[in-house]
Protein chains: 4
Amino acid sequence: MEVSRHGDRHDLRDLTVGIRFEGDYDDAYSEGDNSGVLPTDTMKNTIYALAARHLGAEPEALGLELSRHFLARNPRLHRVHIGLTEHLWGRIPTGERQHGQAFLRQGPEIRLAAITAERDRTIVEAGVADLVILKSSRSAFAGFLHDEFTTLLETGDRILATSLSATWRYADLDVEFGTAWRAVRRTLLESFAAHDSRSVQHTLHAMGQAVLDNVIFVDSIHLVMPNRHHLPVDLSVFGLENRNEIFVATDEPHGLIEATMVR
Amino acid sequence: MEVSRHGDRHDLRDLTVGIRFEGDYDDAYSEGDNSGVLPTDTMKNTIYALAARHLGAEPEALGLELSRHFLARNPRLHRVHIGLTEHLWGRIPTGERQHGQAFLRQGPEIRLAAITAERDRTIVEAGVADLVILKSSRSAFAGFLHDEFTTLLETGDRILATSLSATWRYADLDVEFGTAWRAVRRTLLESFAAHDSRSVQHTLHAMGQAVLDNVIFVDSIHLVMPNRHHLPVDLSVFGLENRNEIFVATDEPHGLIEATMVR
Amino acid sequence: MEVSRHGDRHDLRDLTVGIRFEGDYDDAYSEGDNSGVLPTDTMKNTIYALAARHLGAEPEALGLELSRHFLARNPRLHRVHIGLTEHLWGRIPTGERQHGQAFLRQGPEIRLAAITAERDRTIVEAGVADLVILKSSRSAFAGFLHDEFTTLLETGDRILATSLSATWRYADLDVEFGTAWRAVRRTLLESFAAHDSRSVQHTLHAMGQAVLDNVIFVDSIHLVMPNRHHLPVDLSVFGLENRNEIFVATDEPHGLIEATMVR
Amino acid sequence: MEVSRHGDRHDLRDLTVGIRFEGDYDDAYSEGDNSGVLPTDTMKNTIYALAARHLGAEPEALGLELSRHFLARNPRLHRVHIGLTEHLWGRIPTGERQHGQAFLRQGPEIRLAAITAERDRTIVEAGVADLVILKSSRSAFAGFLHDEFTTLLETGDRILATSLSATWRYADLDVEFGTAWRAVRRTLLESFAAHDSRSVQHTLHAMGQAVLDNVIFVDSIHLVMPNRHHLPVDLSVFGLENRNEIFVATDEPHGLIEATMVR
């Protein structure tokens, strides 16, 4: 947790960082030769130290600093992957204004960033996860394949709900990461809301296409959308009508739809 | 999940309901006599049916309907407890406006309601849980008891973070439950933000007192505040100074402070 | 985690400990006066120190030492509750024997112990939780109450499955805690296996009665048994017969049955 | 959940199944054309029906049947992946014998199987996950890389604990899957127990090597071993000595070691 103090106004940056090394470490495994092994504990210390030097930096920028640091000091390292999860906080409103030093966790959504760096190239990805969204109209599922085990009924008006995970790749490293992240997120939400959905696959594709169409510095995007089923409850056995108003949210089984779209 | 449809504008009410019966059920246990036992499956059906009849009702109001229903039909029932959890949703913004039929889950915070009804009295409680809040200033912890196992240092400026759970009891049943819930929640947040904290206990008390002072129809309030420690990282071993900027959030061990305050 | 070393044979004791203080702490809440407050951090240190002094002790015995320690040093303390969870480990078998220094976690079951001590009395409880058990025969559910929302069918042969939690109170402090715990656990399992069940309530009662009948130093027992439904799948729509062989395990909704039985 | 009934002796097979389709489904995404889409609901029904037809089959065998079924009926399908998780149950002991119809969940360990089938080739993998194991001797970590952020001390005698996940690939489909699974599991446990460990990497390699050496029908194996740190508690501040007996198990940060070994 980073706290940047600007007089009465503090800013938080709440990050969880994962680091993965791949390289010439065969001797560590086969011989128990630790001479090239950087301990987890040192990685942890490095994160604290670099976070202090780059206080308040965007997750992607901190990840880039970490990747350069590790490549410079570890000759056996071929590829380093830095995965950063940002837990989001808003400010507590007090009267008309937002408090400068009191915060409220936003969620369940989290912000993701990932750096994959080798000696001659670096990839920057950003993302969201656990963005739980729901459409109560303009969603159908019909015309699907039938076989001897089909029992599902076709529907022209169902709830579409998902917990969106999306990661996208930037075309270069020279992006305003915070601005870009907000633009992609807004595009995903707006295209989800506006779409006339024939299936989760159909809406997923429309969302990815909207990002590629509208956010020029995104090269490719991967979307994962579990189908969080909301089944209409049969009230007719009690002499009641369900006018598409009462649903049971089920957890399992569920479909999990994913795709990667490349410009 | 309830969907109320008002033309282009839909409203969601996303509830999980738990029901507890206490009464004259000894024969069910000792003899296996099920003649007075209402199956879980019937309770589930009842929730769907009453939710349909009272579409979009506040959780407390639905709970009251359920409690009356079960007391009327189950002569052996002495006390019924209805616990309702509301999962909160906002609208997806599209351009200048909020979309009428597309939603975004808010959280991690949840809204709670509970009805405890006997034949001659009914108690209505409301609450919040998983409201994760943090103060980056005006929080100290010093002057505490010392013994032979004390190692903790005193501090005049620490991060105070918690995941607040609070439940409060209404003085009567004739309350506008939605308005009341928002008033208590706002008072809890504002008093947390404003307090000069000497400890979690001290801030918990100030928050409970603010609710009793400001929200007249609340009779009592119970608050639970785990101390989500954020420990300053010692960077001096790397030749760096930590100006109260870099913290590690720890999970265990943690303190768990609670109290009930009665008007 | 305690490791007791007896030559080639080591023993593990893997505990999580929770401590709750109740007492004359009003000033801490209302005034922020910390002079009587024992920090969480000191409680943690105390557990490590007393565990070292009483290496390998049964959880109940360590809890008693902790309760005495805290009551002796904290004059404002009226009641201290020590809750201990033991995570269970077995030995890794190698050839014919059990390895002395290599272990395998058992579970999901956990062992519980709890001490509630005041200045003039002490209560010792023990328990199990997450003991997941299932009967594939001799379990029925029929003859239950019917109303306008009943849809459940009666059954004479269903799967009965639960995740048992049970806590029991010892009549005095002079019990061989390990031996007693194993005796109660064995009695619970054997009575569950042997019972002709008319309902979860009925089996719960039989299990509690068996403990009171067979384990003389148990004064009372509290049992909690969620009904983990396993519903037969309707295969007739595919032209197949389900001879009570294929079930779907559902999570929600489920019944949760509990009772306290006192000698 | 499958229950096979052989007179007084029942057998359980408790499976969770995941199915993944990859193929020529572009139109479903881009056009909302569902004519080739097999609904999740139909996949679910298919699992129940094939489980009934192959009651009690090993997970790998059921997976093979499912993969053949889906490839035969879905011309657009290029590759189907069937992932099966088996939750393990033992029998409740009653007196001298094991009860035929009463069961106790084993765990936390789970058994894994996975089929990846295309039209001209099929891969069968098996595995374990959540196998939590610990060595209290013959484990060191020393001689590692030092840099400006190193604070970790070298140690010649530490606890080594992990939650093992391992998946291995069979050389052909003609394997007795239950026997093979038990042989690999036993080899993993015995090699873990016996190894003189210089690091998690070193022990992971020894375990994988033991499987390749001893179980001839395994072609390759992938192992994942998080380092579940158990840190010795410094009791010297309280005037006590910690003779490598009292440890605190920490959750984060932790190392996560993995490797794939091919014959």
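Before any of the text, the structure's been laid out above.
So, here's what we can say about the structure. (Residues numbered from 1 in each chain as written. Chains lettered and ligands numbered in written order. Predicted model: local features only at pLDDT ≥ 70, side-chain atom pairs only at ≥ 80, totals over all residues. Heavy atoms only, no water.)

Section: the pairing of strand S5 (residues 122-135) of chain D
Piece 1. With eleven of 14 residues buried, S5 of chain D lies mostly within the body of the structure.
Piece 2. Pairing analysis gives three bridges linking strand S4 (residues 97-118) of chain C to S5 of chain D, with the strands arranged antiparallel. Note on S5 of chain D: the bridge partner recorded for Ala-102 of chain C is Lys-135 of chain D.
Piece 3. In terms of strand pairing, strand S4 (residues 97-118) of chain D meets S5 of chain D through eight bridges, oriented antiparallel. Counterpart to Ala-117 of chain D in the pairing with S5 of chain D is Thr-122 of chain D.
Piece 4. Adjacent in sequence and paired antiparallel, S4 of chain D and S5 of chain D are bridged by three residues.
Piece 5. Bridge count between S5 of chain D and strand S6 (residues 160-170) of chain D: nine bridges; the pairing is antiparallel. (Buried < 20%, exposed > 50% of the residue type's maximum accessible area, 1.4 Å probe, protein only. Helix = DSSP H or I, 4+ residues; strand = E, 2+ residues; numbered from the N terminus. Pairing = 2+ DSSP bridges.)

Quick look at the relation of the copies chain C and chain D
Piece 1. Screw-axis analysis of chain C against chain D gives a translation of 0.0 Å along the axis, an RMSD of 0.0 Å, and a rotation angle of 180 degrees. Here the transformation between the copies is reduced to the relation of a two-fold axis. Among all residues of chain C, the one whose C-alpha sits closest to the rotation axis is Gly-107 of chain C, at a distance of 2.4 Å.
Piece 2. A share of 100% of the interface residues of chain C reappears at the interface of chain D, consistent with the copies meeting face to face through the same patch. (Least-squares fit on C-alpha atoms with pLDDT ≥ 70 in both. Contact = heavy atoms within 4.5 Å.)

A word on the pairing of strand S1 (residues 2-6) of chain B
Both faces of the sheet carry side chains from a regular strand, because those side chains alternate between them.
Residue and element names in this part refer to chain B.
Piece 1. Looking at chain direction, S1 and strand S2 (residues 9-23) are connected through five bridges and run antiparallel. The residue of S2 that forms the bridge with Arg-5 is His-10.
Piece 2. In sequence, S1 turns back onto S2 through a hairpin of two residues, with Gly-7 there showing a positive phi of about 60 degrees.

Some details on the nonpolar core
Piece 1. Ranked by internal contacts, the top residues of the largest apolar core, which has 131 residues, are Leu-164, Trp-168 and Leu-188 of chain A together with Phe-70, Leu-164, Trp-168 and Leu-188 of chain D.
Piece 2. In contact with Phe-70 of chain D, other than residues within four places in its own chain, are Ile-19, Phe-21, Leu-38, Met-43, Thr-46, Leu-77, Val-80 and Ile-82 of chain D.
Piece 3. Counting residues in hydrophobic clusters, the runner-up holds 130 residues, among them Val-184 of chain B together with Met-43, Leu-50 and Val-215 of chain C. (Core = buried A, V, L, I, M, F, W, Y, C linked by side-chain atoms within 4.5 Å.)

Examining the interface of chain C and chain D
Piece 1. The interface of chain C with chain D comprises 53 residues on the first partner and 53 residues on the second.
Piece 2. Summed over both partners, the interface of chain C with chain D buries about 4,300 Å², with 63% contributed by carbon and sulfur atoms.
Piece 3. At the boundary of chain C and chain D, one finds 23 residue pairs in polar contact (both at pLDDT 80 or more).
Piece 4. With nine residues, the single largest contributor to the side of chain C that touches chain D is S4 of chain C. (Buried area = accessible area lost by both parts, 1.4 Å probe. Polar contact = N/O pair within 3.5 Å; in protein donor to acceptor, adjacent residues only side chain to side chain.)

Structural notes on the interface of chain D and chain A
Piece 1. Tallying the contact residues gives 46 residues for chain D and 46 residues for chain A.
Piece 2. Note on chain D versus chain A: buried area summed over both sides is about 3,900 Å², and carbon and sulfur give 58% of it.
Piece 3. Among the residues of chain D in contact with chain A, Tyr-29, Leu-145 and Phe-149 of chain D are the three that bury the most area, contributing 21% of the side total.
Piece 4. At the surface where chain D touches chain A, the tally comes to two salt bridges. (Salt bridge = Lys/Arg side-chain N within 4 Å of Asp/Glu carboxyl O.)

Some remarks on helix H5 (residues 200-214) of chain B
Piece 1. Helix length check: H5 of chain B (15 residues) gives 21 Å between terminal C-alpha atoms against 21 Å at 1.5 Å per residue, within 8%.
Piece 2. Against the buried residues of H5 of chain B lie strand S5 (122-135), strand S6 (160-170), helix H4 (177-194), strand S7 (218-226) and strand S10 (256-262) of chain B together with helix H1 (26-31) of chain C.
Piece 3. The opening residue of H5 of chain B, the one whose side-chain oxygen lies 3.3 Å from the backbone nitrogen of Gln-201 of chain B, is Ser-199 of chain B. (Expected span 1.5 Å × (residues − 1).)

Details of the side chain of Lys-135 of chain C
Piece 1. Here Lys-135 of chain C is to be found in strand S5 (residues 122-135).
Piece 2. For Lys-135 of chain C, which is buried and forms no salt bridge, the nearest opposite charge comes from Asp-196 of chain C, at a distance of 6.3 Å.
Piece 3. Of note is the side chain of Lys-135 of chain C, whose polar atom sits 3.0 Å from the backbone oxygen of Phe-192 of chain C.
Piece 4. Each residue touching Lys-135 of chain C, except ones within four places of it in the same chain, is listed here: Arg-158, Ile-159, Leu-160, Phe-192, Ala-193, Ala-194 and His-195 of chain C together with Gln-101 of chain D. (Lys, Arg positive; Asp, Glu negative; His and termini not counted.)

Topic: unusual backbone geometry
Piece 1. Backbone torsion omega between Gly-107 of chain B and Pro-108 of chain B reads 5 degrees, so that peptide bond is classified as cis.
Piece 2. As for its position among the elements, Pro-108 of chain B is in strand S4 (residues 97-118).
Piece 3. Across the junction of Glu-252 of chain D and Pro-253 of chain D, the peptide omega takes the value -5 degrees, indicating a cis bond.
Piece 4. Here Pro-253 of chain D is to be found in the loop between strand S9 (247-249) and strand S10 (256-262).
Piece 5. The backbone of Asn-244 of chain A sits at a positive phi, close to 60 degrees, despite the residue not being glycine.
Piece 6. In this fold, Asn-244 of chain A is placed in the loop between strand S8 (230-232) and strand S9 (247-249).
Piece 7. In this structure Asn-244 of chain A comes out as buried when scored by relative accessible area, which is 19%.
Piece 8. Residue Asp-130 of chain C is not a glycine yet carries a positive backbone phi of 60 degrees.
Piece 9. Tracing the chain through its elements places Asp-130 of chain C in strand S5.
Piece 10. On the accessibility criterion, Asp-130 of chain C (35% relative accessible area) is partly exposed.

As for the packing of aromatic side chains
Piece 1. Summed over the entire model, instances satisfying the criterion amount to 20 aromatic pairs over all chains.
Piece 2. Each ring, one from Phe-149 of chain B and one from Phe-238 of chain D, has its centre 5.2 Å from the other, and the planes form 85 degrees; the classification is edge-to-face. With Phe-149 of chain B in the loop between S5 and S6 and Phe-238 of chain D in the loop between strand S8 (230-232) and S9, this residue pair bridges two chains. Taken individually, Phe-149 of chain B and Phe-238 of chain D each receive the classification buried, so the pair is uniform in this respect. (Phe/Tyr/Trp six-rings, centres within 6.5 Å; stacked < 30°, edge-to-face > 60°.)

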